[in-house]
Amino acid sequence: MSDGEVVASFVVPVHPHTVLAPDQNPGWQRLRNAYDQAAKTIQDVDADLIIVYSTTWPSIIGHQIQADPNPEWVMVDHDFHDLGSIHYSLNIDADFAHAWNEANHQRGLQSRCVNYKGFPIDVGSVVALTLLNPDQRIPAVIVSSNMYANRSETTVLAKACLDVVKAQGRRAVAVTAMSLSNRMFTDFIEPEADAIHSLKDDEWNQKILEFLEEGRLEDVGQLSRTIHQQIRVQKVVAFKPMWWLSAMNGNRNDLTGSVLAYEPIHGAGGAVVALDPTPSGAGDKEYDEDDVEHYQGDRGVLDQATDNDETTDASIPAPEAASTSGKGLDPALWDPTNAEGSVNTDAAPKPVGAYPHARRVGDMLYLSGVGPRQPGTNAIPGGPIHDAEGTPLDYDVKAQTHAVVANIQRIVEEAGARMDQIVDVTTFLIDMKRDFSGYNEVWAETLGRYGPTRTTLAIDALPTPIAVEMKVIVHLGE
Amino acid sequence: MAKGTIVAGCLAPHPPHLVYAENPPQNEPVAEGGWEQLRWGYERLRASMADLDYDAIVVLSPHWQTYVGTHFLGLPHFEGLSVDPIFPNLFRYHYDMKVDVDLAKAIHDEAEAAGMPVKMMENPDFRVDYGTITTGHLFNPEWDKPLVVISSNRSTAYYSVEVMQEMMMELGRVTRRAIEASGKRVVVLASNSLSHRHFTTESDMPEDMSKEHITSHAMHLWDMRMIEYMRSGQAQRILDEMPEFTEQAIAESDGGGLSWLLSTLDVPSYPAILHGYGTIIGTGNAVVEWPCYAHEGASA
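Within each chain, residues carry numbers counting from 1 in the order of the written sequence. All chains are assigned letters beginning at A, and all ligands numbers beginning at 1, according to the order in which they are written. Given that this is a predicted model, residues contribute local features only at a pLDDT of at least 70 and side-chain atom pairs are listed and counted only at 80 or more, while totals for whole chains, interfaces and linings are drawn from all residues.

1. Some words on the overall build of chain A
Counting from the N terminus, the helices are DSSP H or I runs at least four residues long and the strands are E runs at least two residues long. Helix and strand counts for chain A stand at 11 helices and 16 strands. A residue is called partly exposed when the number of other C-beta atoms within 10 Å of its own lies between 12 and 20, exposed at 12 or fewer, and buried at 20 or more, with C-beta atoms placed from the backbone. Put simply, chain A has 478 residues, and 53% of those count as buried. Whether two residues are in contact depends on their C-beta atoms, placed from the backbone: they are in contact if these lie within 7 Å. Once local pairs closer than 6 in sequence are excluded, the contacts in chain A between residues at least 24 apart make up 77%.

Below, the structure written as C-alpha cells:
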C-alpha cells in the first residue's frame with residue numbers, strides 16, 4: 001500500500017443559504033457554484049476520503065469524531081429555520097474515525113467517537129457534505145471543534161489524522177467548514193441587502209484570501225489569534241480551523257491556492273477556497289512556533305492546576321526545566337550516548353543517565369527502559385505519581401502506558417524498524433495491584449496486537465515519578 | 001379579562017447529567033445515580049410548585065442560540081429525539097411537548113413593538129434544543145403544561161455583557177407586559193448554570209461523584225456571592241455585578257437568561273429560596289425559586 005496523502009484542501013462556508021436559497025441572492029449562487037466546482041475537483045483528484053473539521057460542532061470533552069456509518073436526520077438551522085430543512089443521509093467512514101480516535105490517544109489527546117441514532121450533525125458539516133459529496137459516494141469523517149482547544153491541541157489533532165491517512169494509504173481531502181469574518185447582521189435583512197458586515201471585516205477577509213491564494217496557509221495559521229480578535233464573534237467559534245488545516249498540509253506556505261468565491265452570507269464572510277498541495281514556490285516558510293508532535297495538556301484556560309484526572313499536571317515545569325516534579329527530586333537529564341550501533345532520537349525523552357535510547361547488535365535492537373515522559377517538556381501524560389513535595393498524586397496509568405508505547409514506537413521507527421518486529425517486552429510497574437488492569441488494557445490495544453512475549457514485574461520505584469516503564473527487544477530480520 | 005400573573009420565577013439549570021442520573025423512561029442511557037444534591041433540589045422545587053395553579057411555563061435556554069434577533073417556538077406541538085451534541089453518551093431523550101403559541105406570539109409582538117428584532121419559529125422539522133428539554137423535564141416531568149420557548153440571542157459574544165443585559169432587561173419588561181395582558185398565570189424559568197468552566201475530561205463512569213467538584217475556588221466564591229444576593233433579595237446587585245460575574249466566572253449568564261428572568265420578575269427585592277446547589281463536570285449550578293405568589297404586588 002502506498003503512503004496516504006492529502007490530495008486537496010478546501011475552506012467552505014457553513015450557513016445553509018448555499019443549499020436552501022442560492023437563487024435568492026446572486027452572491028449565494030456564486031458560492032453555490034464554487035461549491036459545485038470544488039465537488040468536481042474532489043471527483044477529479046480521485047479522493048477516497050473527505051475529512052471535515054467543523055466550527056459549528058463545538059465540544060468540551062476533547063474532540064469528538066462522528067462514527068455512525070450512516071447518520072440520517074433532518075437539519076434545521078437555529079437562526080435560518082425559515083429557509084427550510086435539509087434532509088441528510090451521510091456516508092461516514094467509521095473505521096477511519098476509530099483509527100483517528102486511537103491515533104489521538106497515542107499523541108496524548110482526549111477524544112472520542114460518537115455513534116448515536118439521531119445525533120444532531122451540525123449545520124456546517126451537513127452543508128459541506130451535501131454540496132461537496134452530493135451522491136455521498138466518497139466516505140467522510142467529521143471532527144468537532146473543541147471550545148477549549150489551543151493551537152497545540154488543534155495541531156496535534158491534525159497530525160494524528162495524518163498518521164491514519166498515511167497508514168491507510170488514503171487519498172484524503174481536508175475541509176474546514178467555517179466563515180472568515182463571522183459577524184452577521186443582528187437584524188433581519190432582505191436577501192438583496194446582503195453585504196459583508198463592515199469594511200473592516202471585508203478588509204481582513206481580503207487579506208486572508210490574498211494569503212490563501214498565494215498558498216500561504218501557515219501564515220494564516222500564524223495570524224489566527226489576531227484574526228480571531230479582529231473579525232470574529234468570540235467564544236466557541238474561534239479561528240482554530242486554520243491551525244488544523246495548516247498542520248494537515250505540513251505547515252507549508254507554498255501551496256497552490258485558488259479563491260473560487262467570496263461573498264457575504266447575512267453579513268458573515270463566506271468563501272470557497274481550494275488549496276492544491278502542489279508547491280507553488282511562492283511562499284517562504286516562516287514557522288516560529290513549536291511544531292508540536294504530542295499534546296502536553298497545556299490548554300491553560302485558567303492558567304492553574306486542577307486535581308482532576310486531566311492527562312497532564314499543569315504544575316509540570318516548562319521545557320527548560322529538567323525535572324518532572326520540581327524540587328530536585330528527579331535525576332538530571334543526559335544527552336544520549338553514541339557508541340557504535342546506538343540509535344537516538346529527539347522524538348524520545350532524554351535519558352536520565354549515560355546510555356542511548358537503543359543499540360543495534362546484528363539483527364537485534366535493544367531498547368533502554370522506556371517511560372512515558374514527553375520529549376522536549378519532560379511532562380508525564382496522566383500526571384506524575386507524586387508532587388514536588390513527594391505527596392502521592394492520583395495518576396492515569398492508561399495515559400502513561402499509551403505514552404510509553406508512543407515513545408517506544410518513535411525509537412523503533414528511528415531505527416528503521418516496525419512495531420511488529422518487537423519480540424520481547426519486560427514491563428515494570430510501581431503498583432501492580434492498582435495499575436495492572438489499566439496497563440493490561442492498553443497493552444491489548446497496542447503492543448499486544450503485535451504478539452511479543454511479555455513479563456510484568458512490580459518494583460519499588462523508578463527514577464522519575466512515573467508508574468510504568470518497558471524494556472523492549474526488537475528482531476530486525478524478516 | 002383578569003390581569004395576568006407571574007406566579008414564580010426560577011433559575012433552573014439544564015445540564016443533561018441530571019436527567020441521565022434520574023433514568024427517566026424517555027432517556028436512553030442508564031446511570032447509577034449521581035448529582036443527588038441538585039436532583040433533590042429540583043425535587044424540592046417541584047414540591048414547591050405542586051400546589052400552584054398556573055397555565056404555562058416560559059423558558060429561555062442558552063442552547064437555542066440565535067445570532068439574528070430573538071426567536072420563539074411558534075407551533076403548538078413538538079416531538080422527537082433530542083441528542084446532546086456534547087454529551088451524547090448521557091442524553092438521548094424522546095420529547096413530546098406543547099407550546100402556548102398564543103402567549104409566545106404575544107411576547108413576540110410586544111417585543112417587536114418595542115423595536116426588538118424577533119421571529120416566530122414555524123418549521124415543523126425544528127429540533128428543540130436540549131437545554132429546553134432538560135429544564136422542561138426537570139421542572140415538570142409530566143410535561144402537562146404548555147411552554148413558551150425563547151431563544152438566547154448571542155449579544156454577549158457580539159458586543160458585551162452590558163449590551164446583552166440591556167437587551168435582556170428590555171426583553172424581560174416586554175415579557176412581563178405580555179403576560180399581564182394575556183390574563184394567564186405563568187412560571188418563568190432561566191435555564192442556565194452559574195460558573196461555567198468545564199473539566200475537559202470525563203470519568204469512565206460519568207456519574208462517579210468522587211471526581212465531581214468545582215473547577216476552582218474562584219468559581220466557588222463567585223457562585224456563593226451570587227447565591228447570597230439571591231437569598232437576601234438583592235437582585236439589583238446581581239445585575240450590577242453581572243459583567244464581572246459573567247466574565248470572571250465564565251458564567252452561563254452570558255446567554256442572558258438570568259438577566260431576563262430578574263427583569264421579568266421586576267428585579268425582586270424579596271428573598272429567593274435556594275433549593276439546591278452542586279457542581280456538574282466542574283460547573284456551578286443552583287436551583288433557585290423566587291416565590292412571587294408570596295409577594296403579591298412585588299411583581300406582575
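2. Some thoughts on the overall build of chain B
Helix and strand counts for chain B come out as 10 helices and 10 strands. Its C-alpha atoms give chain B a radius of gyration of 18 Å, near enough to 19 Å, the size a compact globule of 300 residues would have. Along the first, second and third principal axes, the C-alpha atoms of chain B reach 55 × 40 × 40 Å. By the burial criterion, 58% of the 300 residues in chain B qualify as buried. Considering only residue pairs separated by 6 or more positions, chain B has 82% of its internal contacts joining residues 24 or more positions apart. Our radius of gyration looks at C-alpha atoms and nothing else; its globule reference is 2.2 Å times the residue count to the power 0.38.

3. Here we look at the packing of helix α3 (residues 94-106) of chain A against helix α5 (residues 151-167) of chain A
Residues and elements named next belong to chain A. Two elements in contact, α3 and α5, have axes whose closest approach is 8 Å; the angle formed by their N-to-C orientations is 125 degrees. On the basis of the axis angle, α3 is oblique to α5. α5 is crossed by α3, and the crossing has right-handed handedness. Facing Phe 96, Ala 99, Trp 100, Ala 103 and Asn 104 of α3, the residues of α5 in contact are Leu 157, Ala 160, Cys 161, Asp 163 and Val 164. In this classification, the charged set is Asp, Glu, Lys and Arg, the nonpolar set is Ala, Val, Leu, Ile, Met, Phe, Trp, Tyr, Cys and Pro, and all remaining amino acids, among them Gly, are polar. Residues belonging to the contact of α3 with α5 are distributed by class as follows: eight nonpolar, one polar and one charged. Orientation is described by axes fitted as lines to C-alpha atoms, over the contacting stretch for helices, and by angles from 0 to 180 degrees between their N-to-C directions. Oblique is the label for any angle not covered by the other classes, which are roughly parallel (under 35 degrees), roughly antiparallel (over 145) and roughly perpendicular (65 to 115). Less than a right angle of anticlockwise turn of the near helix away from the far helix marks a crossing as left-handed, whereas a clockwise turn marks it as right-handed.

4. A word on the interface of chain B and chain A
Each partner contributes residues to the interface: chain B has 31 residues there, and chain A has 36 residues. With three residues, strand β2 (residues 56-66) of chain B is the single largest residue contributor to the side of chain B that touches chain A. Residue composition of the side of chain B that touches chain A, grouped by class: 14 nonpolar, nine polar and eight charged.

5. What about the sheet that holds strand β14 (residues 422-429) of chain A?
What makes two strands pair is DSSP finding at least two bridges between them. Taken in spatial order, the six strands make up an open sheet running β11-β12-β13-β16-β14-β15 (chain A), and their pairing is mixed. Across the chains shown, the open sheet's two edge strands, defined by having one partner strand only, are β11 (342-343) and β15 (453-458) of chain A.

6. Here we look at the environment of Lys 40 of chain A
All names here are of chain A. Within the fold, Lys 40 resides in helix α2 (residues 26-44). Taking the C-beta count within 10 Å as the criterion, Lys 40 has 11 such neighbours and is therefore assigned exposed. As for Lys 40 and Ser 85, which are separated by 45 residues in sequence, their C-alpha atoms are 25 Å apart.

7. Section: the pairing of strand β8 (residues 171-177) of chain A
Residue and element names in this part refer to chain A. Most of β8 is tucked away, with six of its seven residues classed as buried. Looking at chain direction, strand β2 (residues 49-59) and β8 are connected through six bridges and run parallel. Within β8, the position partnered with Ser 54 by the bridge is Ala 177.

8. Considerations on the nonpolar core
Residues Ile 50, Val 141, Val 173, Val 175 and Val 272 of chain A together with Val 148 of chain B are the most contacted members of the largest nonpolar core, which totals 187 residues. Residues contacting Val 175 of chain A, with those up to four places away along its chain left out, are Phe 10, Val 12, Ile 50, Ile 51, Val 52, Ala 128 and Leu 132 of chain A. Within the second largest apolar cluster, 34 residues are counted, among which are Val 343, Leu 365, Ala 399 and Val 474 of chain A. By definition, a nonpolar core groups buried Ala, Val, Leu, Ile, Met, Phe, Trp, Tyr and Cys residues that are joined through C-beta atoms within 7 Å.

9. Notes on the pairing of β14 of chain A
On any regular strand, side chains alternate: one points to one face of the sheet, the next to the other face. Residues and elements named next belong to chain A. Where β14 meets strand β16 (residues 468-475), seven bridges bridge the pair, whose relative direction is antiparallel. Opposite Ile 422, over in β16, you have Val 474 as the bridge partner. Here a crossover is taken to be right-handed if, once the strands point away from the viewer, the path from the first strand over the helix to the second is traced clockwise. Regarding the hand of the β-α-β motif, the stretch spanning β14, helix α11 (residues 432-445) and β15 is right-handed.

10. Topic: unusual backbone geometry
A positive phi angle, close to 55 degrees, is found at Asn 23 of chain B, a residue other than glycine. Looking at the element boundaries, Asn 23 of chain B is found in the loop between α1 (16-22) and α2 (36-50).

11. Description of the domain arrangement of chain A
All names here are of chain A. Under the domain assignment, chain A is made up of domain 1 (5-276) and domain 2 (342-475). Just the C-alpha atoms count here: the centres of domain 1 and domain 2 sit 37 Å apart. On the domain 2 side, the residues contacting the four residues of domain 1 number four residues. Split into classes, the residues belonging to the side of domain 1 that touches domain 2 amount to no nonpolar, three polar and one charged. All the domain ranges listed were derived from an automatic or database domain assignment.

12. Description of the environment of Met 224 of chain B
Along the chain, the position of Met 224 of chain B falls in helix α7 (residues 217-231). For the pair Met 224 of chain B and Asp 109 of chain B, spaced 115 residues apart in sequence, the C-alpha separation works out to 37 Å.

13. Comments concerning α2 of chain A
Residues and elements named next belong to chain A. Its 19 residues give α2 an end-to-end C-alpha distance of 27 Å, which sits within 8% of 27 Å, the value for a rise of 1.5 Å per residue. Buried within α2 are the following residues: Gly 27, Trp 28, Leu 31, Arg 32, Ala 34, Tyr 35, Ala 38 and Ile 42. Down the axis of α2, the buried side of the element spans an arc of 160 degrees, and every buried residue falls inside it. Opposite the buried face of α2, at more than 90 degrees from it, the exposed residues are Lys 40 and Asp 44. One or two steps after α2, the chain reaches Asp 46, where phi turns positive at roughly 60 degrees. Working rule for helices: expected span equals 1.5 Å times residues minus one. Directions are taken from the helix axis to each C-beta atom, and the arc is the one they span.

14. What to know about the packing of helix α3 (residues 101-113) of chain B against helix α6 (residues 161-182) of chain B
The geometry of a pair of packed helices is captured by two quantities: the angle between their axes and the separation between those axes. Residues and elements named next belong to chain B. Interaxial distance between α3 and α6 falls to 8 Å at its minimum, and their mutual angle equals 130 degrees. As summarised for this structure, α3 and α6 are arranged oblique, according to the angle between their axes. Taken as a pair, α3 and α6 cross one another with a handedness that is right-handed. Residues Leu 103, Ala 106, Ile 107, Glu 110 and Ala 111 of α3 pack against Leu 171, Val 174, Thr 175, Arg 177, Ala 178, Ala 181 and Ser 182 of α6. Looking at the contact of α3 with α6 residue by residue, the class counts come to eight nonpolar, two polar and two charged.

15. Quick notes on the confidence of the model for chain B
Per-residue confidence from the predictor is reported as pLDDT, which spans 0 to 100. For chain B, per-residue confidence averages 95 on the pLDDT scale, and residues scoring 70 or more make up 99% of the total. Reported for the predicted complex are a pTM of 0.76 and an ipTM of 0.92.

16. A look at the confidence of the model for chain A
All names here are of chain A. Chain-level pLDDT for chain A is 88 on average; 89% of the residues reach the 70-or-more range. For residues 298-323, every residue scores under 50 in pLDDT, and the model assigns this stretch 56 contacts once sequence neighbours within four places are set aside. Segment residues 325-329: pLDDT under 50, and 12 contacts once partners within four positions in sequence are set aside and those in other chains are kept.

17. Quick look at α3 of chain A
The periodicity of an α-helix, 3.6 residues per turn, causes residues three or four positions apart to be oriented the same way. All names here are of chain A. With 13 residues, α3 extends 18 Å between its outermost C-alpha atoms, agreeing within 8% with the 18 Å of an ideal straight helix rising 1.5 Å per residue. What α3 keeps buried is the set Phe 96, Ala 97, Ala 99, Trp 100, Asn 101, Ala 103, Asn 104 and His 105. Those residues of α3 that are buried lie in contact with β2, β3 (63-66), β6 (111-114), β7 (140-146), α5 and α10 (397-414). Within two residues after α3, Gly 108 carries a phi angle of roughly 85 degrees, on the positive side.

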